[in-house]
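Chains, contacts and geometry: an overview
As a plain string of letters, each chain reads:
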Amino acid sequence: MRIAFPVVSDKGLESPVYGHFGSAPCFVIFDSERDGIETVENRDSHHPHGQCQPLKALGEIPVDAVVVGGIGGGALRRLQAEGIKVYRAVEGDVRTNLEMIQTGKLPEFLSNMTCAGHGNEGGCHHHK
């Protein structure tokens, strides 16, 4: 299983999980079959608001799941349409969230949990 974690900078398993999928500078990808990690830069970080292309962001690297603090509805739907599960991260680093997903303790993102923008009217579930 390959799991992508959006992060600000590559500190391996100690990287704090970032709060927003689309604007994350990079992704730490854990591969359970190889028991290894790799880091890729977000190749779609400068997209217009609401136009995130998650597969482009991941550099077309196939993953089975994404663990993130927040994600927009469009990105969530695009990932789910590709059969990629999206889980809501807890505060902490990749290692903490990896242990929680492996033990079934992270909830899957639902559409009512997505970011609706960051202005006066919008709000993110993970900021409440």
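Structural notes, computed from the coordinates. (Residues numbered from 1 in each chain as written. Predicted model: local features only at pLDDT ≥ 70, side-chain atom pairs only at ≥ 80, totals over all residues. Heavy atoms only, no water.)

Attention shifts here to the packing of aromatic side chains. One pass over the structure, following the stated rule, counts one aromatic pair. Centre to centre, the rings of Phe 21 and Phe 27 are 5.1 Å apart; their planes meet at 45°, and the pair counts as tilted. A relative accessible area of 1% places Phe 21 in the buried class. (Phe/Tyr/Trp six-rings, centres within 6.5 Å; stacked < 30°, edge-to-face > 60°. Buried < 20%, exposed > 50% of the residue type's maximum accessible area, 1.4 Å probe, protein only.)

This paragraph deals with the sheet that holds strand 4 (residues 65–68). The mixed open sheet is built from five strands, whose spatial order is 3-2-1-4-5. Single-partner strands in this sheet number two, and they are strand 3 (36–41) and strand 5 (85–88). This sheet shows a mean twist of 25° between the axes of neighbouring strands, independent of strand direction. Where strand 2 (residues 26–31) meets strand 3, six bridges bridge the pair, whose relative direction is antiparallel. The residue of strand 3 that forms the bridge with Val 28 is Thr 39. (Pairing = 2+ DSSP bridges. Helix = DSSP H or I, 4+ residues; strand = E, 2+ residues; numbered from the N terminus. Axes fitted to C-alpha atoms, helices over the stretch in contact; angles between N-to-C directions.)

Right, let's talk about the pattern of salt bridges for a bit. If you walk through the whole model with that rule in mind, you get four salt bridges. Linking Asp 31 and Arg 34 is a salt bridge whose minimum nitrogen-to-oxygen distance equals 3.9 Å. Taking relative accessible area as the criterion, Asp 31 reaches 8% and is therefore assigned buried. In this structure Arg 34 comes out as exposed when scored by relative accessible area, which is 53%. Of the charged contacts, one joins Glu 108 and Lys 85 as a salt bridge, the two residues approaching to 3.4 Å between their closest N and O atoms. Placement of Glu 108 in the segment after helix 3 (94–102) and of Lys 85 in strand 5 is noted, with a sequence separation of 23 residues between them. For Glu 108, a relative accessible area of 35% gives the class partly exposed. (Salt bridge = Lys/Arg side-chain N within 4 Å of Asp/Glu carboxyl O.)

For the rest of this paragraph, the subject is the nonpolar core. Ranked by internal contacts, the top residues of the largest apolar core, which has 18 residues, are Phe 21, Val 66, Ile 71 and Val 86. The element best represented in this core is helix 2 (residues 73–81), accounting for three residues. Counting residues in hydrophobic clusters, the runner-up holds 15 residues, among them Val 7, Val 94, Ile 101 and Leu 106. (Core = buried A, V, L, I, M, F, W, Y, C linked by side-chain atoms within 4.5 Å.)

Sheet topology note: the strand 4/strand 5 ladder contains four bridges and is parallel. Considered in strand 5, the bridge of Val 68 is made with Arg 88. Read from strand 4 through helix 2 to strand 5, the crossover connection turns out right-handed. (Right-handed = clockwise from strand over helix to strand, strands pointing away.)

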